[in-house]
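Structural features, examined
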Amino acid sequence: MAFQQTCGLPVCKATLCFLFSLFVLGEGQYKGFRKFIGVQDTRKGDAFEEQWFIQKLDHFNGADSRVWKQRYFVNEAFYKPGGPVFLMIGGEGPANPAWMQSGTWLTYAEKLGALCLMLEHRFYGESHPTVDLSTDSLRFLSSRQALADLAHFRTMMGESKGLSNRKWVAFGGSYPGSLAAWFRLKYPHLVHASVATSAPVHATINFPEYLEVVWRSLASENAECPLLVKKASDTLMERLKDLTTYNNITEDFKLCSKLQIQTEMDSAYFLETLAGNFMDVVQYNEDNRGFEGAMGTNITIKVLCNVMGDTSLGDPYARYAAVARLMLKTFSIGCLDASFSNNLGVMTNTSWDGPAANGGRQWVYQTCTEFGFYQSTDSPNQPFTGFPLPYHVKQCADYYNVSAEQLADAVAQTNEYYGSYDIKSTRIVFPNGSIDPWHALGITQDITADLPAVFITGTAHCANMYPARSQDLLQLTLARDHIFLLLQQWLKQ
């Protein structure tokens with residue numbers, strides 16, 4: 001969540017998929033779908049030119065005639081007359097043209113003679129519907145407006161390109177995976193089938209299950225690993241109560257300035273930032289993400305657990321600090337900015353040139369006004385401590401003046417509108433990976449024969465969407481093949 005666009009729900013603030021969305025936020029954390037901190041720009045010299053579509057600002061107000069330009073990309077290399085149209089849905093970050101050259105969907109397109117389109121999500125990347133990112137402007141940012149964008153784009157492209165009678169298939173991973181499912185649900189006359197990968201279809205304010213899956217994923221590598229992480233986290237929490245330890249903590253974790261803990265928000269932000277090192281790695285463990293410019297893909301659960309088990313580094317706390325330094329080195333970051341006040345300044349900057357404009361400010365707004373998804377430490381069955389639900393909820397008020405009551409109402413409305421786990425539709429497949437913490441909010445068992453789940457043991461976020469490689473697990477290869485057979489079958493209907 002995560003490409004720079006296609007697959008990535010950001011994990012907490014430090015950190016999905018844009019379509020899979022790859023976004024970059026300062027040092028790297030968003031709330032919601034987790035993203036790795038380092039992303040290279042793969043757009044330079046790209047063979048696929050960006051194109052622009054005139055889009056409506058507000059689809060639900062007939063009196064508002066304002067429009068804006070939405071970015072999209074086209075790959076016609078595999079299209080055969082009469083073939084289907086594949087639409088990759090953009091998500092919470094810039095649309096990455098690398099997906100027009102690589103990815104499982106292109107393998108399917110070549111076999112099925114499909115035309116491939118990718119539409120960037122409003123308010124992300126270069127698709128700017130408004131002059132700024134003020135809270136007043138962000139009222140036009142929602143999944144409902146995004147789905148209406150897709151519907152209008154599909155309708156007008158169908159008419160202008162003679163594709164109205166072609167069968168359209170929607171693809172997306174992470175949040176865009178949810179959009180792919182909901183596009184088929186809400187606009188069944190426009191989209192014939194959907195592949196909704198790693199899609200969290202259930203909105204929830206509190207999402208402690210995320211860290212429960214992190215525990216299980218670490219334990220799948222080494223049963224002691226999450227216990228050591230928990231011991232280290234508990235030790236750090238105790239040391240935060242003693243001001244005399246702050247100089248050492250600052251040095252241990254290579255902080256950019258001396259640690260200052262004046263409020264519970266300061267403490268929670270610091271602890272969540274460090275936990276994010278593990279959350280990121282687990283979410284994208286061994287995903288084949290290099291082609292989209294992702295960095296640090298060599299850091300896996302195995303690597304982290306090896307560090308946590310290395311007694312030569314000292315006690316579990318010292319090993320936890322070693323992990324933090326390893327991540328800084330991997331992403332060529334000189335020091336860790338763990339200041340909540342600095343983060344507040346970043347997240348309340350409303351300029352398109354601001355440090356959180358690549359997706360951070362926008363995505364957290366969507367969590368506060370639609371989804372929640374807050375990865376709290378409220379469960380005892382997870383390895384971290386110190387960032388409970390109130391910490392996450394307060395940020396909605398701090399950043400956007402959204403109250404806890406408004407957040408609760410918004411999340412309830414989202415489930416009421418889309419149906420949560422109880423989706424009533426046909427021809428949607430829901431792939432999920434067992435390592436991916438987001439599977440806890442997804443469809444992991446068949447709803448009906450026409451709403452099948454593909455649960456892939458041992459894989460992480462959006463794994464089936466990434467290009468195949470020789471070391472892929474057999475079950476991942478079989479999952480990709482199964483999804484292709486479903487598409488082949490559905491396109492005959």
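Since this is a predicted model, take the numbers as computed values, not measurements. (Residues numbered from 1 in each chain as written. Predicted model: local features only at pLDDT ≥ 70, side-chain atom pairs only at ≥ 80, totals over all residues. Heavy atoms only, no water.)

**Focus on the overall build of the protein chain**
As a reminder, the rule being used: Helix and strand assignments come from DSSP, with helices taken as H or I runs of at least 4 residues and strands as E runs of at least 2, each series counted from the N terminus. In this treatment the radius of gyration is a C-alpha quantity, and the globule benchmark scales as 2.2 Å times the residue count to the 0.38 power. A 1.4 Å probe rolled over the protein chains alone gives each residue an accessible area, and that area as a share of the maximum for its type sets the label: buried under 20%, exposed over 50%, partly exposed in between. Every accessible area reported is derived by Shrake-Rupley at a probe size of 1.4 Å, with residue values counting cover from the shown protein chains alone. Charge convention: Lys and Arg are scored as positive, Asp and Glu as negative, and His as well as the terminal groups of each chain are ignored. Note that the charge is assigned to NZ on lysines, CZ on arginines, CG on aspartates and CD on glutamates.
For the protein chain, the count of helices and strands is 15 helices and 10 strands. On C-alpha atoms alone, the protein chain measures out to a radius of gyration of 21 Å, which is about the 23 Å that the 2.2 N^0.38 rule sets for 493 residues. Once the C-alpha set of the protein chain is aligned to its principal axes, its extents read approximately 70 × 50 × 45 Å. Here the protein chain holds 493 residues, and 62% of them are scored as buried. In the form shown here, the protein chain has an accessible surface area of approximately 17900 Å², with 49% of it arising from carbon and sulfur atoms. Across the protein chain, 40 positive and 48 negative side-chain charges occur, with their mean positions spaced 5 Å apart.

**A word on the state of the cysteines**
Put simply, the rule reads: A pair of cysteine sulfur atoms is labelled a disulfide when the two atoms are within 2.5 Å.
In this structure the tally under the stated criterion is three disulfides. A sulfur-sulfur distance of 2.2 Å marks the disulfide that ties Cys 225 to Cys 305. Measuring the twist about the S-S bond at about -90°, one finds the Cys 225-Cys 305 disulfide to be left-handed. Placement of the pair is Cys 225 in helix α6 (residues 225-239) and Cys 305 in helix α9 (residues 301-308), with a sequence separation of 80 residues.

**Regarding the nonpolar core**
Stated formally: Here, nonpolar core means buried Ala, Val, Leu, Ile, Met, Phe, Trp, Tyr and Cys residues that are tied together by side-chain atoms lying within 4.5 Å of each other. Between two residues, a contact is recorded if the distance between any of their heavy atoms is within 4.5 Å.
In terms of nonpolar packing, the biggest core is built from 121 residues, with Leu 236, Phe 253, Phe 270 and Tyr 320 touching the most fellow members. Broken down by element, this core gets its largest block of residues, 11 residues, from helix α8 (residues 264-283). Leaving out residues up to four positions away in the same chain, Leu 236 has contacts with Ile 249, Phe 253, Phe 270, Leu 271, Leu 274, Tyr 317 and Tyr 320. Counting residues in hydrophobic clusters, the runner-up holds 36 residues, among them Leu 112, Val 169, Ile 456 and Ala 479.

**What about the environment of Trp 352?**
Looking at the secondary structure, you find Trp 352 in the loop between α11 (340-347) and α12 (360-371). Here Trp 352 falls in the buried class, since its relative accessible area comes to 16%. Sequence-wise, Trp 352 and Asp 315 are 37 residues apart; in three dimensions their C-alpha atoms are separated by 44 Å. Apart from residues lying up to four places away in sequence, Trp 352 is in contact with Phe 123, Ser 127, His 128, Pro 129, Thr 130, Val 131, Asp 132, Leu 133, Ala 357 and Gln 362.

**So, α12**
Within α12, 11 of the 12 residues are buried, which leaves the element mostly enclosed by the surrounding structure. Taken as a whole, α12 has its buried residues at Gly 360, Arg 361, Gln 362, Trp 363, Val 364, Tyr 365, Gln 366, Thr 367, Cys 368, Glu 370 and Phe 371. Following α12 by one or two positions, Gly 372 adopts a phi angle in the positive range, close to 75°.

**Some thoughts on the side chain of His 439**
The following threshold applies: Think of a polar contact as two N or O atoms within 3.5 Å of one another; within protein, one of them needs to be a possible hydrogen donor and the other a possible acceptor, and neighboring residues in sequence only count if both atoms come from side chains.
Looking at the element boundaries, His 439 is found in the loop between β9 (428-433) and β10 (453-456). Within polar-contact distance, the side chain of His 439 engages the backbone oxygen of Gly 433 at 3.3 Å. Excluding its chain neighbours within four sequence positions, the residues that come into contact with His 439 are Val 213, Asn 432, Gly 433, Ser 434, Thr 444 and Phe 455.

**Quick look at the sheet that holds strand β1 (residues 51-56)**
As a general point, the strands of a sheet are linked pairwise by backbone hydrogen bonds and lie either parallel or antiparallel. For the record, the criterion: When DSSP locates at least two bridges between a pair of strands, those strands are taken to pair. A fitted line through C-alpha atoms represents every axis, and for helices the fit uses only the stretch in contact; the resulting angles, taken between N-to-C directions, go from 0 to 180 degrees.
With respect to topology, eight strands assemble into an open sheet ordered β1-β2-β4-β3-β5-β6-β9-β10, the strand pairing being mixed. Each having just a single partner strand, β1 and β10 make up the two edges of the open sheet. Ignoring strand direction, the axes of neighbouring strands in this sheet form an average angle of 20°. Pairing analysis gives four bridges linking strand β2 (residues 67-75) to strand β4 (residues 115-119), with the strands arranged antiparallel. Looking at the pairing, Val 74 lines up with Leu 117 of β4. Of the strands in this sheet, β1, β2, β3 (85-89), β4 and β5 (168-173) touch helix α3 (residues 143-161), which is tilted by about 120° from β1.

**Points about unusual backbone geometry**
Unlike most non-glycine residues, Phe 123 shows phi in positive territory, near 75°. Relative to the helices and strands, Phe 123 is located in the loop between β4 and α2 (135-138). Accessibility expressed as a relative area gives 0% for Phe 123, which makes it buried. At Cys 462, a residue that is not glycine, the phi angle is positive and equals roughly 60°. Following the sequence through the fold, Cys 462 ends up in the loop between β10 and α15 (474-490).

**Comments concerning helix α1 (residues 104-112)**
For α1, the complete set of buried residues consists of Thr 104, Trp 105, Leu 106, Tyr 108, Ala 109 and Leu 112. Where the residues of α1 are buried, they touch β2, β3, β4, β5 and α15. Of the residues flanking the end of α1, it is Gly 113, one or two places downstream, whose phi is positive at about 70°.

**Brief notes about the packing of α9 against helix α10 (residues 316-330)**
Just so we agree on the cut-off: In what follows, roughly perpendicular refers to angles from 65 to 115 degrees, roughly parallel to angles under 35, roughly antiparallel to angles over 145, and oblique to any angle outside these ranges. The residue classification treats Ala, Val, Leu, Ile, Met, Phe, Trp, Tyr, Cys and Pro as nonpolar and Asp, Glu, Lys and Arg as charged. All others, Gly included, are polar.
Close contact between α9 and α10 brings their axes to 8 Å; oriented N to C, the two are set at 140°. Between α9 and α10, the angle is such that the two are oblique. In this structure, α9 contributes Val 303, Leu 304, Val 307 and Met 308 to the contact, and α10 contributes Pro 316, Arg 319, Tyr 320, Ala 322, Val 323 and Leu 326. The class makeup of the residues in the contact of α9 with α10 is nine nonpolar, no polar and one charged.

**A short note on the packing of aromatic side chains**
Given two aromatic rings, their pairing is described by the distance between the two centres and the angle made by the two planes. Applied cut-off: Pairing of aromatic rings covers Phe, Tyr and Trp, the last through its six-membered ring, and needs centres within 6.5 Å; plane angles under 30 degrees mean stacked, over 60 mean edge-to-face, and all others mean tilted.
All told, the structure shown has 29 aromatic pairs when counted by the stated rule. A ring pair is formed by Phe 53 and Phe 153, whose centres lie 5.2 Å apart and whose planes are at 85°; its orientation type is edge-to-face. Here Phe 53, found in strand β1, pairs with Phe 153, found in helix α3; they are 100 residues apart in sequence, far enough to count as distant. When sorted by exposure, Phe 53 lands in the same class as Phe 153, which is buried. A connected cluster of aromatic rings, assembled from ring pairs, spans Tyr 175, Trp 182, Phe 207, Tyr 210, Trp 363, Phe 371, Phe 373, Tyr 417, Tyr 418 and Trp 438.

**Let's talk about the side chain of Asp 64**
Along the polypeptide, Asp 64 turns up in the loop between β1 and β2. Taking the relative accessible area as the measure of exposure, Asp 64 reaches 15% and is therefore buried. Of the polar contacts made by the side chain of Asp 64, one reaches the side chain of Arg 66; its length is 2.7 Å. With sequence-adjacent residues up to four places away left out, Asp 64 is seen in contact with Leu 57, Asp 58 and Phe 140.

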